[in-house]
Amino acid sequence: METKKKILIVEDEKNIAMTMQYNLKKEGYDAEIAGDGGLGLTRALSGEFDLILLDIMLPVMDGFTVCEHVRQHSQVPIIFVTAREDEKDKIFGLDTGADDYVTKPFSYKELMSRIRANIRRSSHETVQKKPAASAEPVTIGALTIDSERYLVTKNGEPIELSKKDYDFLAFLAANLGKAFSREELLEEVWGYEGGFYGDIRNVDVTVCRLREKIEDDTSKPAYLMTKRGVGYYLRRP
Ligand code: CA
């Protein structure tokens, strides 16, 4: 029998937190509430959870800071629950390591769908990591992508990447030289079917952030290339 997936709700507005908990339990999840960022971080680091729903404006410690701290220790999927449209730029722009976001007010149908997709991706990756463990690290110019250790280095120096950034780079590296459209990348890396929940801007934001990390000169990319009218591809410099 499959054990219940456990979700941590970090949310200070009691009504929202309780409604989320109620809906999650109705869907068959175990759900625990942490009412501030400090408690949220402590609970998130317990390793008991399969996914974390994280509010941004929180007492004690804001959601961005919680996310950054969690990412230093754990790859648990994190979905930001944002109150404002403009916060979503920050979620990826600040490189917090978030996997996804929903904007309040959201429908529970959408939230559940995101939760399922993120948990599925994360458990899928755990399974996929086994055969990849025997694989040799891939070297592309000064970059090395080590799928066993989930690590990217440039000239031997580790590059800090969120799980999505790593997935994005690893996907393009596995298909070196082949260009993919934004929609294709969204589906391959973020895994949303039909693109209904997808935001192709996530792809552009991810490319910008990756270029800052892997390129010597972001105005003249040597690795992560734009193919005009198509999308993006990775190449050997
Ligand atoms: Ca709040």
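Since the structure is predicted, the reported quantities are computational estimates derived from the model, not experimental observations.

1. Some points on the overall build of the chain
In terms of helices and strands, the chain carries eight helices and eleven strands. Relative to its full complement of 237 residues, the chain shows a buried share of 48%. When contacts within the chain are restricted to residue pairs at least 6 apart in sequence, long-range pairs at least 24 apart make up 56% of them.

2. Some points on the sheet that holds strand β7 (residues 143-146)
Pairing is antiparallel in the open sheet, where four strands are placed in the order β6-β7-β8-β9. The open sheet terminates on both sides in strands that have one partner only, identified here as β6 (138-140) and β9 (157-159). The mean inter-strand angle of the sheet, taken between neighbouring strand axes irrespective of direction, is 30°. In this structure, β7 lies alongside strand β8 (residues 151-154), joined through four bridges in antiparallel fashion. Across the sheet, the residue bridging to Ile145 is Val152, located in β8. Sheet strands in contact with helix α6 (residues 163-174) are β6, β7 and β8, and its direction is about 105° off that of β7.

3. Looking at a negative patch on the surface
Residues Glu183, Glu184, Glu187 and Glu188 make up a contiguous surface patch of negative charge. With respect to the helices, strands and loops of the structure, Glu184 is situated in helix α7 (residues 182-190).

4. Quick notes on helix α2 (residues 37-44)
In terms of burial, α2 is largely enclosed, as six of its eight residues are buried. Here α2 has its buried residues at Gly37, Gly38, Gly40, Leu41, Arg43 and Ala44. Packing partners of the buried residues in α2 comprise β1 (6-10), β2 (30-34), β3 (51-55) and α3 (63-71).

5. Digging into the environment of Ala179
Tracing the chain through its elements places Ala179 in the loop between α6 and α7. Judged by its relative accessible area of 19%, Ala179 falls in the buried class. Taking C-alpha positions, Ala179 is 8.7 Å from Met225, a pair spaced 46 residues apart along the chain. Setting aside anything within four residues of it in sequence, one finds Ala179 in contact with Glu184, Lys227, Val230, Tyr232 and Tyr233.

Basis of the calculations
Residues numbered from 1 in each chain as written. Predicted model: local features only at pLDDT ≥ 70, side-chain atom pairs only at ≥ 80, totals over all residues. Heavy atoms only, no water. Helix = DSSP H or I, 4+ residues; strand = E, 2+ residues; numbered from the N terminus. Buried < 20%, exposed > 50% of the residue type's maximum accessible area, 1.4 Å probe, protein only. Contact = heavy atoms within 4.5 Å. Pairing = 2+ DSSP bridges. Axes fitted to C-alpha atoms, helices over the stretch in contact; angles between N-to-C directions. Patch = residues over 30% accessible without salt bridge, like charges linked within 9 Å, V, L, I, M, F, W, Y side chains within 5 Å. Areas by Shrake-Rupley, 256 points an atom, 1.4 Å probe, with all protein chains shown as cover. Salt bridge = Lys/Arg side-chain N within 4 Å of Asp/Glu carboxyl O. Lys, Arg positive; Asp, Glu negative; His and termini not counted. Charge placed at Lys NZ, Arg CZ, Asp CG, Glu CD.

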